[in-house]
Amino acid sequence: MTGFRVPFNAALFVLFSSLIVACTKGPSPATPNASSVSSQELSDRLVDVGNLLSTEQKVLIVGKLRSIEQRSGMQVGVLLIPTTGTESIEAYSLRMANASHLGRKDVNDGVLIVVATRDHHLRLEIGTGLTDRIPDPSAAEIVAMMATRLKVADYFSAINIG
């Protein structure tokens, strides 16, 4: 298995460790893919298309995401998918972030974490209202820690970092 290729945009990756929002969905009857994620699902805290996390892990992550929102107002979403299909991780994650409407409109403080497991891609989309809160070196460190966990298919730990 090759490692996760992480397109580096520190501003986008920094918030990953401290912000996570995701929606929970069970696996599709057919092979799940990126197109099976609807904008309605993105309103949840955790979307796990491939059902990679246990119910207990989902509850823990969603609780953490709600706590982050209650403390700071930031909204974080997590999207675990097998593949982005023919779309690049950058284009897919930006499209999903825009569709999810994460973050407060007047502050633009939403974060979407996208992990495409079969593609070995990780991407963090961070609202412009958060880019000054996490410096590039911190973001790079977070991404590296997450990628290490993803390489061994430890999705729960990767999402929970930070």
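Right, let's walk through the structure included here. Keep in mind it's a predicted model, so treat the numbers as computed, not measured.

Topic: the sheet that holds strand β4 (residues 121–126)
Two orientations exist for strands paired in a sheet by backbone hydrogen bonds: parallel and antiparallel.
So, step 1. With mixed pairing, 4 strands are arranged side by side in an open sheet as β1-β2-β3-β4. Single-partner strands in this sheet number two, and they are β1 (46–48) and β4. Each adjacent strand pair in this sheet contributes to an overall mean axis angle of 10°, direction not counted.
So, step 2. Pairing analysis gives 7 bridges linking strand β2 (residues 75–81) to strand β3 (residues 110–116), with the strands arranged parallel. Residue pairing for β3: L80 is matched across the bridge by V115.
So, step 3. Along the sheet, helix α3 (residues 89–100) makes contact with β2, β3 and β4, crossing β4 at roughly 40°.

Remarks on the nonpolar core
So, step 1. Counting residues in hydrophobic clusters, the biggest one holds 26 residues, and the most contacted among them are L53, I61, V78, V111, I113 and L122.
So, step 2. Sorting the residues of this core by element identifies α2 (55–72), β2, β3, β4, α4 (136–151) and α5 (155–160) as the ones contributing at least two each.
So, step 3. Formed by 12 residues, the second largest nonpolar core is a distinct cluster that contains V47, L102, V114 and A116.

Cut-offs applied
- Residues numbered from 1 in each chain as written.
- Predicted model: local features only at pLDDT ≥ 70, side-chain atom pairs only at ≥ 80, totals over all residues.
- Heavy atoms only, no water.
- Pairing = 2+ DSSP bridges.
- Helix = DSSP H or I, 4+ residues; strand = E, 2+ residues; numbered from the N terminus.
- Axes fitted to C-alpha atoms, helices over the stretch in contact; angles between N-to-C directions.
- Contact = heavy atoms within 4.5 Å.
- Core = buried A, V, L, I, M, F, W, Y, C linked by side-chain atoms within 4.5 Å.
- Buried < 20%, exposed > 50% of the residue type's maximum accessible area, 1.4 Å probe, protein only.

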